[in-house]
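Analysis of the macromolecular model
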Amino acid sequence: MIKGEIGCSCGIAACILMIITCFIKCSTKEEPEQSSYGFISYSLKWEQALSGHESPKKVRYCFYPPEQGAMTQIEGDAGGLKFTLPPDKYRLLVFNCDADNIAFRNMNTFETAEAYIPATKATGYTTSGRIPFYGIAIDELEVEANEGISNTREFSMASLIREVTIDIKVDGMEYIKECKGELAGVPAAFNLSKQEIVPEKTTKVNFETAPSKEGVKANIMILGTAPKHGETPPPTPTNEVKLDFTLNDGSTSSATLDLGESIGNTEGNNINVNVSVTVEKDASFTVKINNWEVSAGDDMVIE
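Residues numbered from 1 in each chain as written. Predicted model: local features only at pLDDT ≥ 70, side-chain atom pairs only at ≥ 80, totals over all residues. Heavy atoms only, no water.

**Considerations on the overall build of the chain**
Definition in use: Only runs of H or I of at least four residues qualify as helices and only runs of E of at least two qualify as strands under DSSP, and these elements are numbered from the N terminus. Think of it in three bands: with a 1.4 Å probe and only protein chains considered, a residue is buried below 20% of the maximum accessible area for its type, exposed above 50%, and partly exposed in between. Under the convention used here, a 1.4 Å probe and the Shrake-Rupley method define accessible areas, while residue burial counts only the protein chains that appear.
When you go through the chain residue by residue, the secondary structure sums to 2 helices and 21 strands. Across the 303 residues in the chain, those meeting the buried criterion constitute 43%. Of the roughly 16500 Å² of accessible surface on the chain, 51% is carried by carbon and sulfur atoms.

**Considerations on the sheet that holds strand 16 (residues 210-211)**
The following threshold applies: At least two DSSP bridges between two strands are required for those strands to pair.
Spatial strand order, 16-17-11-20-21: 5 strands in an open sheet with mixed pairing. Only two strands of the sheet have a single neighbouring strand rather than two, namely strand 16 and strand 21 (285-296). With 11 bridges connecting them, strand 20 (residues 270-281) and strand 21 associate as antiparallel partners. Bridge assignment links Val273 to a residue of strand 21, and that residue is Val294.

**Quick notes on the packing of aromatic side chains**
Stated formally: We call Phe, Tyr and Trp rings a pair once their centres come within 6.5 Å, taking the six-membered ring for Trp, and we label the pair stacked below 30 degrees between planes, edge-to-face above 60, and tilted otherwise. Two conditions define a charge sitting above a ring: the NZ of Lys or the CZ of Arg must be within 6 Å of the ring centre, and it must be within 35 degrees of the ring normal.
Applying the stated criterion to the full structure yields 7 aromatic pairs. An angle of 75° between the planes, with centres 5.7 Å apart, marks the rings of Tyr64 and Phe110 as edge-to-face. Taken together, the residues span a long stretch of sequence, with Tyr64 in strand 2 (residues 59-64) and Phe110 in the loop between strand 6 (103-105) and strand 7 (114-116) at a distance of 46 residues. Grouping residues by exposure puts Tyr64 and Phe110 together as buried. Here the aromatic cluster, defined as three or more aromatic residues joined through ring pairs, consists of Phe95, Phe104 and Phe133. Sitting above the plane of the Tyr116 ring, Arg105 keeps its charged end 4.2 Å from the centroid.

**Observations concerning the environment of Asn106**
What counts here: Here, residues are in contact when the closest pair of their heavy atoms is within 4.5 Å.
Secondary-structure assignment places Asn106 in the loop between strand 6 and strand 7. Non-local contacts of Asn106, meaning those with residues more than four positions away in its chain, are made with Thr112, Ala113 and Glu114.

**Focus: the environment of Ser253**
Test applied: N or O atoms closer than or at 3.5 Å make up a polar contact, with two conditions inside protein: a donor-capable atom paired with an acceptor-capable one, and, for residues adjacent in sequence, both atoms drawn from side chains.
By secondary structure assignment, the location of Ser253 is in strand 19 (residues 252-260). For Ser253, a relative accessible area of 12% corresponds to the buried category. Side-chain polar atoms of Ser253 contact the backbone nitrogen of Val287, separated by 3.5 Å.

**Some points on the pattern of salt bridges**
The line we're drawing: The salt bridge criterion pairs a side-chain nitrogen of Lys or Arg with a carboxyl oxygen of Asp or Glu, the two atoms within 4 Å.
Taken as a whole and judged by the stated rule, the model has 12 salt bridges. Ionic pairing is found between Arg60 and Glu75, a salt bridge with its closest N-O pair at 2.7 Å. Within this pair, whereas Arg60 is found in strand 2, its partner Glu75 is found in strand 3 (residues 72-76), the two being separated by 15 residues in sequence. On the accessibility criterion, Arg60 (16% relative accessible area) is buried. By relative accessible area, Glu75 is classed as partly exposed at 35%. When salt bridges with common partners are traced through the structure, they connect Lys45, Glu47 and Glu154 into a single cluster.

**Some remarks on the nonpolar core**
Inclusion rule: We define the nonpolar core as a collection of buried residues of types Ala, Val, Leu, Ile, Met, Phe, Trp, Tyr and Cys that are connected through side-chain atoms lying within 4.5 Å of one another.
Core analysis: the largest hydrophobic core is formed by 44 residues, its most contacted members being Phe63, Phe133 and Leu192. For this core, the secondary structure elements donating two or more residues are strand 1 (38-45), strand 2, strand 4 (80-85), strand 5 (88-96), strand 8 (134-143) and strand 17 (215-223). In this structure, Phe63 is in contact with Ile40, Tyr42, Ala70, Met71, Thr72, Ile74, Leu81, Leu85, Tyr90, Arg91, Leu92 and Leu141, ignoring residues within four places of it in sequence. With 30 residues, the next largest nonpolar core counts Val186, Val216, Leu243 and Val273 among its residues.

**Here's the deal with the environment of Ile102**
Note that Ile102 resides in the loop between strand 5 and strand 6. Assessed through its relative accessible area of 11%, Ile102 is described here as buried.

**Points about the sheet that holds strand 19**
Inclusion rule: Axis definition: a line fitted to C-alpha atoms, over the contacting stretch in the case of helices. Angles run 0 to 180 degrees between N-to-C directions.
Spatially, the 4 strands line up as an open sheet ordered 15-12-18-19, and their pairing is antiparallel. This sheet does not close on itself; its edge strands, each paired only once, are strand 15 (202-208) and strand 19. Averaged over all adjacent pairs, the angle separating strand axes in this sheet is 15°, with direction ignored.

**Focus on unusual backbone geometry**
The phi dihedral of Asn101 is positive, around 65°, even though this residue is not glycine. Overall, the relative accessible area of 14% leaves Asn101 in the buried class.

**Re the side chain of Glu114**
Residue position: Glu114 is located in strand 7. Only 2.9 Å separates the side chain of Glu114 from the side chain of Arg105, close enough to count as a polar contact. Among all residues touching Glu114, those that are not within four sequence positions of it are Ala103, Phe104, Arg105, Asn106, Met107, Ala189, Phe190, Asn191, Leu192, Val198 and Lys201.

**Examining a negative patch on the surface**
This is how it is decided: Each patch is built from salt-bridge-free residues with over 30% relative accessible area, joining like charges within 9 Å and nonpolar side chains (Val, Leu, Ile, Met, Phe, Trp, Tyr) within 5 Å. In this count, Lys and Arg are taken as positive residues and Asp and Glu as negative ones, while His and the chain termini are left out. Taken as the charge location is NZ of Lys, CZ of Arg, CG of Asp or CD of Glu.
Taken together, the side chains of Glu67, Asp88, Glu142 and Glu144 define an acidic patch exposed on the protein surface. Within the secondary structure, Glu67 is located in the loop between strand 2 and strand 3.

As structure tokens, then:
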């Protein structure tokens, strides 16, 4: 009886050994290439970072492989990225994902990826203490097998916002208690692969102004890039500014400016909207707009 048990045990052990040996041989044949990866090392340059604003701290990389493969998303700091990916040719979107009042949608494909302003965030959108939005789009990026991480590539991040300064000179400022406003026709969405606004998607942003002896002023950040010099700009939405003045006696007076496409067609990331108004006092107060002008401002960047 004992001899039978021993023989049986030896037989089972031999079978197990054969299965393990077969498994090892099969595994060796099927997986010779799985150790091959592309090592990525990228650094980011911020020449277009706007002065007077918070610096981005969180950056997102979206790698899109060919033939509609699944997107790979990686997040890192503002300095750069070190990672590994399967060797292939990718399309790539890089942007800071900590910009104020900016969200993202339709990110599954390169062509449809958008940054947008949520409807709940389209108020009080002034520049003070906010992080601007930056990014780049790369149509073809080859990740090679066994590329050393010491081979670092550089990406220069572009500003994807424009700063609009509304400067209102008031003749009769002594009668003004405060002024609030609304800018309509603001781009609500930005196509990340095309690096341009979606002109048919707009919103309104409310703003408050800072008073001075000469008048009031507001700074607003909007999605978009400046038109290139000498080129016909893509279609841009029309803009309208509504100004609501509260006077010292508690009465209110409103005025509206139709700016047309002048903001979208102005070159540079900084845009000045200069307005001249007069407060007239008769039986009651009235605010009269004398003239307005839209012009390019100074682009202040960090050297």
